[in-house]
Amino acid sequence: MERLLVIEDGDEYEEFARLFLADRYEVVPARSATEALAAMETPGADAMLIDLRFERADEADLLGDADEMAARLFAGDRARAARWLKEQQGTLILGALRDAGHAQPAVFVHDFPARRLANLRALYGRVGAVPSFDAQAIVRALERLA
Amino acid sequence: MLKGSQRSDMRHVGRLCALCVLLFAGCSEGSSEADAGPPVAERWARARALWHIRRDPGAWAAWHAIDPDTPEGREARALLEEAEPHYRRLAAQVADGDPRVRETFERAVRIAPMDPALYLPLARAYRTQARTHPENSVLVIRAVEYYRKFLALRPDHPEAPAARRELARLDPEASRLFFERPLEATEAVAPPAASASPPAPTWPFGVAFAALALAGAAVVLLVIRSRRRAESLGELASRRPELHPAIAYLVGSLRHELLKHRIGAVGDAVDALGRGAASEEQRAFLRGRLFGGEPLDRAWEGHLGAFERALGPELDLRRRDPAFRRADRAIRRIASLAPRVEAEERRAVARLARAHGELRALDRHLAKLVRRLVRTPVDGALLRAVVDEVRGEYAAGRVALDEVSIRAPEPAPRVEVFRVDLVLVLKNVVRNAILAVGQEAPPRRIGLDVSTEVELTGEETVRIRVRDTSTERFTTEDIYARRMDRGLGLVTAALGRYDGAIAVEPGDDGWEKAVVVRFFRAFDDDDEAREA
């Protein structure tokens, strides 16, 4: 059975995946970039289901430099930059996984604008998105990317 | 006491009345400005004001009269040429019923006035549409308006006689104002009394007549609008752009907390239950999300209450907004079905599936609505308007610039910033650049350009760069630390409201430095197709 790495800051995605995707995938959970990178080494995974927003994560666990982002994007507002890192953390974790050589298909449950999804594909290769929790749509998206 | 909507209507009426006054004023002024003898720079400034401030349809002649052998004349001709394709496209879009007409018109208007000769194809396009859609009286009004403008400004055009006849068929009474001699029976569908009408007045009275019609329409609009009471969320968003940030936040919360994690997440469980194939774990999952924790109807009420508190009494989601009304019924149905769904009664499960579908529809509706909120295109016209406004100021207007270059991509990227605030930010940066180069010897140059960058998150940022040839040195930190007293405190405050930033960068290609303002890009509706 293929393994699905579920990356999120809570347990909603994992619960959903175990209930509705268990016939297709063995679910491997990860709660941060560090855990995701470790899980991709052992036990490894064939695909990824990624939460975009990590609002419950500690700032120390986040990828990205809040100070740099504050200066470059948020008129020096560090708190806003830190919030943005949480809101977009899933894409940054995907970037770290790609940098580490893990090119497996990745799907977000988020209604990205088409242009943004195209940008993500240009940056990170095999990336898909489904607008809501829908097991069949997730499976179809992963199959298309396989 | 006037309600907010009435105050807004009064402002609209005020604007229309001001337009009427300008039109009346135009009757006596004619085009003498272009014939006067002030220096070309002053004539050009007046010509720009005639259009950008007064929106005088006669501005085209004033622009065209600027000597094309001068820098001002070349700039005028270049802008007229840039605007013309947009104006030409208008007639085709009207003829096709293309909804982008307004966008095209606004874009063209921001660049330069319209060649009066183009009023005729526009009038004819509206006339054709009016025939196709006789129920829409606005189309006839528009057609008449453009025929009048054409005949007022180009009475000797070869097509003018045909235009008079066409106008006469649409509006015999008004058309008499544009005939140089009494109508003949074969020329127009006019009542017999027409031939006994007084001598035809000259065109300014026609404009005055149009102004009166506009004022009348404004009063009718006020009466109709003042009778309207509560509104749907979409109506409120259309009318009150200043509420867009609040609407986006409230909709985002509702969608994420309730529609995604409680409703969207149980879609597969509802399906499985309907097929009689739900596992015990899936049933528990459904029960937990729909019937566990805070009761669904109470959570829903909480969100609706937040909308109403934040957006005011003009909003009535339950009665005026069909999508919310249906969702409201669906929420109550789901809440009432709890014991029967848990008992897995077949009809109750079917009703649950239908209610779930209504809520998913609301989610899609809200996603679409949010994508339509405040978006300002960062195009050449906007940058040009900023430069023009700054150059119209006393101090900046005294700086003789040797070059103003403006470059913006097509199609223009959009940002989620109110236009008025974006203009405020850019005017400050441009003003500082002009005043700084004014301290230096010629050549004095400024340049504005727009580009986009892709972030690691897949988002894009729009970079608006203002370059100049001043050797004055300052840094990004100087701006944020407010060590510069040039209105940049206002700029950083505005940037903070819109997730924007500002930075000083080295110049290149002969420029001394660049001040870069950056905002996140708002993706256009055209880009909003979703993954299947």
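Because the structure is predicted, anything quoted here is derived from the model rather than measured. (Residues numbered from 1 in each chain as written. Chains lettered and ligands numbered in written order. Predicted model: local features only at pLDDT ≥ 70, side-chain atom pairs only at ≥ 80, totals over all residues.)

### Brief notes about the overall build of chain B
Across its full length, chain B holds 24 helices and seven strands. Looking at chain B as a whole, 36% of its 532 residues qualify as buried. The contacts in chain B between residues at least 6 apart in sequence include a share of 67% that link residues at least 24 apart. (Helix = DSSP H or I, 4+ residues; strand = E, 2+ residues; numbered from the N terminus. Buried ≥ 20, exposed ≤ 12 C-beta atoms within 10 Å, placed from the backbone. Contact = placed C-beta atoms within 7 Å.)

### Considerations on the overall build of chain A
Along chain A, the regular secondary structure elements total seven helices and five strands. In chain A, the order of α-helices and β-strands from amino to carboxyl end is β-α-β-α-β-α-α-α-β-α-β-α. Taken over 146 residues, chain A has a buried fraction of 47%. Long-range pairs, those at least 24 residues apart, make up 57% of the contacts in chain A between residues at least 6 apart in sequence.

### Some remarks on helix α3 (residues 66–73) of chain A
Buried within α3(A) we find A:A66, A:M69 and A:L73. The arc enclosing the buried residues of α3(A), seen along the axis, measures out at 60 degrees, which places them on a common side. In α3(A), the exposed positions angled more than 90 degrees off the buried face are occupied by A:D67 and A:E68. Summarising the contacts, the buried residues of α3(A) are in contact with α4 (78–87) of chain A together with β5 (460–468), β6 (501–506) and β7 (513–522) of chain B. Just beyond α3(A), the residue with positive phi is A:A75, at close to 50 degrees. (Arc of directions from axis to C-beta.)

### Some thoughts on the nonpolar core
What tends to happen in soluble globular proteins is that the nonpolar side chains get buried as a cluster. Of all hydrophobic cores here, the largest spans 91 residues; its most connected members are B:L122, B:A123, B:Y126, B:Y147, B:F150, B:V429 and B:V430. Filtering out sequence-adjacent residues up to four positions away, B:F150 remains in contact with B:P116, B:Y119, B:L120, B:A123 and B:A163. One finds A:A135, B:L236, B:V266 and B:V341 within the second-largest nonpolar core, a separate group that totals 78 residues. (Core = buried A, V, L, I, M, F, W, Y, C linked by C-beta atoms within 7 Å.)

### Digging into the interface of chain A and chain B
If you look at the interface, chain A gives 34 residues, while chain B gives 32 residues. No other element matches helix α6 (residues 114–124) of chain A, which puts seven residues into the side of chain A that touches chain B. A class-by-class count of the residues in the side of chain A that touches chain B yields 18 nonpolar, seven polar and nine charged. (Nonpolar A, V, L, I, M, F, W, Y, C, P; charged D, E, K, R; others polar.)

### Considerations on the pairing of strand β2 (residues 25–30) of chain A
All names here are of chain A. Alignment of strand β1 (residues 2–7) against β2, held across six bridges, turns out to be parallel. By the bridge assignment, R3 is partnered in β2 with E26. Taken together, β1, helix α1 (residues 12–20) and β2 form a β-α-β motif whose crossover is right-handed. (Pairing = 2+ DSSP bridges. Right-handed = clockwise from strand over helix to strand, strands pointing away.)

### A short note on the packing of helix α13 (residues 244–263) of chain B against helix α16 (residues 296–311) of chain B
Residue and element names in this part refer to chain B. In contact at an axis separation of 10 Å, α13 and α16 are set at 175 degrees when each is read in the N-to-C sense. What the angle tells us is that α13 and α16 run roughly antiparallel. In contact with A246, I247, L250, S253, L254, L258 and R262 of α13, α16 contributes L296, A299, W300, H303, A306, F307, A310 and L311. (Axes fitted to C-alpha atoms, helices over the stretch in contact; angles between N-to-C directions. Parallel < 35°, antiparallel > 145°, perpendicular 65-115°, else oblique.)

### Focus: unusual backbone geometry
Residues and elements named next belong to chain B. A cis amide bond, omega -5 degrees, links E410 with the succeeding residue P411. Among the secondary structure elements, P411 is positioned in the loop between β2 (403–407) and β3 (414–415). Although it is not a glycine, E344 adopts a positive phi angle of roughly 55 degrees. On the basis of neighbour counts, which here come to 12 C-beta atoms within 10 Å, the residue E344 falls in the exposed class. A positive phi is found at D509, a non-glycine position, where the angle reads about 50 degrees. As for its position among the elements, D509 is in the loop between β6 and β7.

### A word on the packing of helix α14 (residues 267–274) of chain B against helix α19 (residues 346–371) of chain B
Residue and element names in this part refer to chain B. Two elements in contact, α14 and α19, have axes separated by 9 Å at closest approach and are oriented at 150 degrees. In terms of orientation, α14 lies roughly antiparallel with respect to α19. As for how α14 packs across α19, the hand of that crossing is left-handed. Each of G267, V270, L273 and G274 in α14 lies in contact with α19, whose residues at this interface are V349, A350, L352, A353 and H356. (Left-handed = near helix turned anticlockwise from the far one by under 90°.)

### A few points about the confidence of the model for chain B
A low pLDDT score tells you not to read the predicted coordinates there in detail. Residue and element names in this part refer to chain B. With 78% of its residues at a pLDDT of at least 70, chain B reaches an overall mean of 80. The lowest-confidence element of chain B is helix α2 (residues 32–35), averaging 40 in pLDDT; the highest-confidence one is β5, averaging 97. Considering only residues more than four positions removed or in separate chains, one finds that residues 1–36, a stretch of pLDDT under 50, has 45 contacts. The low-confidence segment residues 180–203 (pLDDT under 50) makes 32 contacts with residues lying over four places distant or belonging to another chain. On the interface metric, ipTM, the complex scores 0.95, and its pTM is 0.61. (pLDDT = per-residue confidence, 0-100.)

### Considering the pairing of β2(B)
A regular strand carries its side chains on alternate faces of the sheet. All names here are of chain B. The buried fraction of β2 amounts to zero of the five residues, a small share that puts the element mostly on the outside. Across five bridges, β2 lies against strand β4 (residues 445–454) in parallel orientation. Following the sheet pairing, S405 is matched in β4 by G447.

### Quick look at α4(A)
All names here are of chain A. Within the sequence span of α4, burial applies to A81, W84 and L85. Across the axial projection of α4, the buried residues extend over an arc of 100 degrees, all falling on one side. Buried residues belonging to α4 abut α3 and α5 (89–99).

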